Amino acid sequence: MELHVTRWKRYGHDRLYANLPDGTAVGWADVTTGDITVLRAEHRDDVIAVLTKHLQNLTEPVPSGRARESQARPVLPPLTPADDLAANPPGQSLRDLLDESGPGLMERVVSRLLGRPSEWDRWRKGLAGERRVGAELNRLGRQGWRALHSIPLANKVDIDHLLIGPGGVFNINTKHHDKRAVWVGDDSVKVDHGKPAPYARKSRAEAKRVARVLERYCDFPIRVEPVLVFVGVTELKVVATQLDVRVYQERQVSALAPLSGVLTADQVEQVYSVARHRQAWAQA
């Protein structure tokens, strides 16, 4: 089996990755320590052979044993019930907004009489959408996936859902457009042929933000894939040529269930333990 080796430097890491021809990583070596990690047991001998050879050919020396880390990795404090985001139901942030700033009875009556949609109506619609998608994601627990909802970030924004499992980490953004037709391009989305909205571009940026937080506390690189999930639409047309953002209707998120080979069971638990900790996101 021919393996391709690529070098990866990011966030203080320096690694060599052994990849299958289709790009799947099957092992990696820490350039600093010389330690080799095998991700696919069936390729163990090939991984060790090719990575050992590349380590020996590096111009800089590779120290034997575990070298002193150049920077201390931050450690989160013990998890308390107040900091445990696993307790958040889908749509928790929107529910809090409605409880704190929602309209009174008179405001609701006036808005309905005038047929004028309000910000609160959008919040309620968003809440219903997140609950529906959250219910679909929670069902994936039987396949070894962990779902988190309403992860608060700085500046009063939040991540709708985060799905962590054997197939990787997925940052999921829910959009509720009931009885509307949706068109998805490379960077924008149109609802009923309306003004383009930068859903795809923002989804990519949010996924990168999530990856920075997780890699700050985890000792391995983490790719976070952005996902857009549309709720209640009558039609969903995807014409994007760059397929780095996955696009689904709410019932289609189950397509993520059989994905595997990206994270080991131990890595899933490590990522989940970081992601569920409120303080990990405090400065995100």
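Here is what the cut-offs are and how they apply
Residues numbered from 1 in each chain as written. Predicted model: local features only at pLDDT ≥ 70, side-chain atom pairs only at ≥ 80, totals over all residues. Heavy atoms only, no water. Pairing = 2+ DSSP bridges. Helix = DSSP H or I, 4+ residues; strand = E, 2+ residues; numbered from the N terminus. Axes fitted to C-alpha atoms, helices over the stretch in contact; angles between N-to-C directions. Polar contact = N/O pair within 3.5 Å; in protein donor to acceptor, adjacent residues only side chain to side chain. pLDDT = per-residue confidence, 0-100. Contact = heavy atoms within 4.5 Å.

**Let's talk about the sheet that holds strand S8 (residues 181–184)**
And then number 1: Taken in spatial order, the 3 strands of this open sheet run S9-S8-S11, and their pairing is mixed. Every other strand in the sheet has two partners, leaving strand S9 (189–191) and strand S11 (235–238) as the edge strands with one partner each. When the angles between neighbouring strand axes are averaged without regard to direction, this sheet yields 15°.
And then number 2: Bridge analysis of S8 against S11 gives 4 bridges, and the strand direction is parallel. Counterpart to Val 184 in the pairing with S11 is Val 238.

**Details of the environment of Ser 150**
And then number 1: Assignment of secondary structure puts Ser 150 in strand S5 (residues 146–152).
And then number 2: The sequence separation of Ser 150 and Asn 88 amounts to 62 residues, and the corresponding C-alpha distance is 6.6 Å.
And then number 3: Within the local environment of Ser 150, its side chain forms a polar contact with the backbone nitrogen of Gln 92, the two atoms lying 2.9 Å apart.

**Quick word on the confidence of the model for the chain**
And then number 1: Averaged over every residue, the pLDDT of the chain is 85; residues scoring 70 or more account for 87%.
And then number 2: Every residue in residues 61–71 scores below 50 in pLDDT, and together they form 15 contacts with partners more than four places removed in sequence or on other chains.

**Describing the side chain of Glu 215**
And then number 1: Its place among the elements puts Glu 215 in helix H5 (residues 199–217).
And then number 2: Among the polar contacts listed, one links the side chain of Glu 215 to the backbone nitrogen of Ile 222, at a separation of 2.6 Å.

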